[in-house]
Amino acid sequence: MGVSDVRTETDIRMLICGSEQSIIEGLKRIDANAKGMIFVVDNEERFLGAVTDGDIRRSIIAGGPLDASIGDLLRGKESISMPVNTPVVELLSLVNQSIKIIPLLDDNGRVTDYFEFQAKFHAAIASTHLDGNELNYVLRCLSTNWISSQGSFVTQFENDFAQFLGMKHAASAMNGTAALHLALLALGIGPGDEVIVPDLTFAATINAVLYTGATPVIVDVQEASWCVDPDAIKNNISSKTRAIIPVHLYGQPCDMPQIMDIADRHGLYVVEDCAQAHGAEISGRRVGSFGHINCFSFFANKIITTGEGGVCVTDNEEWVERMRILRDHGMNKDRRYWHDVVGYNYRMTNLQAAIGVAQLEKIDVILRKRDQIRGWYENNLADCGEFEMQNIIPGTRSVTWLFSTLFHGKRVDRETFIARLKKSGVDARPFFFALSAMPVYRAHARDICHVSHGLSARGVNLPTLMGLDEEAYVRIARTVKECIQ
Ligand SMILES: *Cc1c(COP(=O)(O)O)cnc(C)c1O
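Throughout what follows, the structure given in this document is the object of discussion. For every chain, the first residue of its written sequence is number 1, and the numbers climb from 1 along that sequence. Since the coordinates come from a predicted model, pLDDT governs what is reported: local features require at least 70, and pairs of side-chain atoms require 80 or more to be given and counted, while whole-chain, interface and lining totals use all residues. As a rule here, side-chain values come from all non-hydrogen atoms in the structure, and water together with hydrogens is ignored.

1. Details of the overall build of the chain
- Across its full length, the chain carries 17 helices and 20 strands.
- This radius of gyration counts C-alpha atoms alone. The globule rule is 2.2 Å times how many residues there are, raised to the power 0.38. Here the C-alpha atoms of the chain give a radius of gyration of 29 Å, more than 25% beyond the 23 Å that 2.2 N^0.38 yields for 485 residues.
- Once the C-alpha set of the chain is aligned to its principal axes, its extents read approximately 95 × 55 × 35 Å.
- A simple rule labels every residue: compare its accessible area, found with a 1.4 Å probe on the protein chains alone, to the largest value its type can have, and call it buried under 20%, exposed over 50%, or partly exposed in between. For the chain, with 485 residues in total, the buried portion stands at 53%.
- The contacts in the chain between residues at least 6 apart in sequence include a share of 66% that link residues at least 24 apart.
- In the structure as shown, the chain presents an accessible area of about 21600 Å², 50% of it carried by carbon and sulfur atoms.
- Considering the chain, the positive charge centre built from 48 side chains and the negative charge centre built from 59 side chains are found 4 Å apart. Each helix is a run of H or I in the DSSP string that is no shorter than four residues. Each strand is a run of E no shorter than two, and both are numbered from the N terminus. Two residues qualify as a contact provided that any one of their heavy atoms is within 4.5 Å of a heavy atom in the partner residue. Areas reported here follow the Shrake-Rupley algorithm with a probe of radius 1.4 Å; residue values treat only the protein chains shown as occluding. Positive charges are assigned to Lys and Arg, negative charges to Asp and Glu, while His and the chain termini are left out of the count. All charge positions are set by atom: Lys at NZ, Arg at CZ, Asp at CG, Glu at CD.

2. What about the pairing of strand β15 (residues 310–314)?
- The buried count for β15 comes to five of five residues, which makes it a mostly enclosed element.
- The pairing criterion for strands is at least two bridges between them, as found by DSSP. Alignment of strand β7 (residues 169–173) against β15, held across five bridges, turns out to be antiparallel. Along β15, the bridge assignment pairs alanine 171 with cysteine 312.
- Of the pairings in the sheet, the one linking strand β14 (residues 293–297) to β15 comprises five bridges and is antiparallel in character. In the sheet register, cysteine 295 faces β15, and the bridge partner there is cysteine 312.

3. Regarding the site of the ligand
- If even one non-hydrogen atom of a residue comes within 4 Å of a molecule or strand, that residue is called near it. Residues in contact with the ligand amount to 15 residues; listed here are only the nearest, Gly176, Thr177, Gln276, Ser297 and Lys302.
- For the purposes of these results, a polar contact is taken to be a pair of N or O atoms within 3.5 Å, where, inside protein, one atom must be able to donate a hydrogen and its partner to accept one; residues adjacent in sequence count only when each atom of the pair is a side-chain atom. Between an oxygen atom of the ligand and a side-chain N or O atom of threonine 177, the distance comes to 2.5 Å.
- Looking at the shell around the ligand, the elements with two or more residues in it are α7 (176–186) and α8 (204–211).
- Throughout, the ten residues Ala, Val, Leu, Ile, Met, Phe, Trp, Tyr, Cys and Pro are labelled nonpolar, Asp, Glu, Lys and Arg are labelled charged, and all others, Gly among them, are labelled polar. The residue makeup of the shell around the ligand, split by class, is five nonpolar, eight polar and two charged.

4. Examining empty space enclosed by the protein
- In the cavity and pocket records, a cavity denotes points on a 1 Å grid over the protein atoms alone where a 1.4 Å probe fits but cannot get out, a pocket denotes an open set with protein on both sides within 12 Å along at least 5 of 7 lines, and lining residues are residues with an atom within 4 Å of a point. Grid points are joined across faces, edges and corners, and a volume is the space filled by probe spheres set on the points. Applying the stated criterion across every chain yields a total of two cavities of 30 Å³ or more.
- In this model, the largest cavity occupies a volume close to 80 Å³.
- Taken together, 14 residues make up the lining of the largest cavity; nearest its centre are Ser127, His129, Lys302, Ile303 and Arg370.
- Partitioned by chemical class, the residues of the lining of the largest cavity number six nonpolar, six polar and two charged.
- Roughly 40 Å³ of volume is contained in the second largest cavity.
- What lines the second largest cavity is Arg374, Glu378, Gln390, Val399, Thr400, Leu402, Phe403 and Ser404.
- Counting only elements with at least two residues in the lining of the second largest cavity, the list comes to α13 (363–381) and β18 (403–407).
- In terms of residue class, the lining of the second largest cavity is made up of three nonpolar, three polar and two charged.

5. Section: the pattern of salt bridges
- Throughout this description, the term salt bridge denotes a Lys or Arg side-chain nitrogen within 4 Å of a carboxyl oxygen of Asp or Glu. Enumeration over the complete set of coordinates arrives at 29 salt bridges.
- Where aspartate 131 meets lysine 362, a salt bridge forms, and the shortest distance between an N and an O atom there is 2.6 Å. Taken together, the positions of aspartate 131 in the loop between β6 (111–116) and α5 (134–144) and lysine 362 in the loop between α12 (350–361) and α13 put the pair 231 residues apart, joining distant regions of the chain.
- Arginine 347 is the partner of aspartate 328 in a salt bridge, and the nearest nitrogen-oxygen pair spans 2.7 Å. Here arginine 347 lies in the loop between α11 (317–327) and α12 and aspartate 328 lies in the loop between α11 and α12, a separation of 19 residues in the sequence.

6. Some thoughts on the sheet that holds strand β13 (residues 285–286)
- Strands sit in the order β13-β12-β17 across an open sheet of three strands; the sheet is antiparallel. Both outer strands of the open sheet, β13 and β17 (396–397), are each paired with one neighbouring strand and no more.
- Bridging between strand β12 (residues 281–282) and β13 involves two bridges; their strand directions are antiparallel. Along β13, the bridge assignment pairs isoleucine 282 with arginine 285.

7. Thoughts on a nonpolar patch on the surface
- Each patch groups residues whose relative accessible area exceeds 30% and which form no salt bridge, using 9 Å between like charges and 5 Å between nonpolar side chains of Val, Leu, Ile, Met, Phe, Trp and Tyr. Taken together, the side chains of Ile24, Leu27, Ile60 and Leu66 define a hydrophobic patch exposed on the protein surface, amounting to about 300 Å² of accessible area.
- Relative to the assigned elements, leucine 27 resides in helix α2 (residues 23–33).

Structure representation (structure tokens):
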């Protein structure tokens, strides 16, 4: 999606009108080109100025003669033009309510091209970017009939992903929520146990706890990192606490060294929810390599995708075996159709894994592009004073999932801002609701989670579409600025 299209000679010809032509000729030309304007040139085809249909209308209303020449309308009028090689970013900065089309001139002052700001623009919050080997590998599944949950891509994806994190084992699952559920089951968590979860997260984190019959305990997050507060964890540990699920929210790593220390001292399991932070690091070590079993999601809007999909990683062979049995109906590995436990059908298909293998091949490129997008937003939004950028916590490498920022709302409130953006073609999302704000989960919070509620009320996520270039993000940032006026 670009903002300027390749132009043909005819297109430009349709916009050009000699200064000696009559007003009627000019109007005919405007009628034919449907741009509402013409570029007026001298007899050497050099640009003299632009005339709009409004200029002609005003001249006629003021009693100007119909047989006047188009050139006469340029008197006292200033027109904008730019050299043909002007960067689009610069052209965009010239666009305003009345200037939407800018003639681009060669060294001799002739119109060789023009820039047009397209009013129609749509930026979804996220989209898949399947430009690598995805199609190739999926076709391989189709042509070999391995489209279900057996096939070499499943094993390859598990091996590749474990290696990406420097972990020994990975068990794939049909989605990230199933992965969390499997992890908790493998650790033996169930009724009577308590599991600590942050108040600010996607609901799948707490739902997975509830599926096991265990009791979630919702705790507050930190103002600086938006992630679970280690002190709040400590304050909520009871004799029933069995596990903690830290969520690396919006690409930001949790304070894993401190959380692992708390867990070790109290004999608790840690299940990292890395659904929004593939590739994030703490002191050079990737998230998903700290806890006992750690889970990722590959839903279509996540950093890398398999359409729907998830994975659990661990260094423990017994746990990974248990998860593989549980995801496969609880079937005995050596005796087919013999069931030792009540299991689930939580398997990932070979088709999903094929996409996953291709996505993982280029995760470095994806992460780099996402950081670049974040930089473009920060550069273009810093001066408007409405956004508090996501902190970089010392010693960590956060990743960019969405462009997540806190909105001050000095001139318009957040909901108005988001609604205006949507109207202008930019999808924005508010932060998640605090879990404790929702009646279905409220009873699981012992403390009031002030920080989480505050962040939830202020946070805005902007699109991070991989296929857009800098000019598109400059444009989105412009739209953002227009929507806060
Ligand atoms: C997306 C997400 C999940 C669930 O993943 P699905 O693959 O959609 O089931 C879990 N936790 C968090 C924090 C998420 O963002």
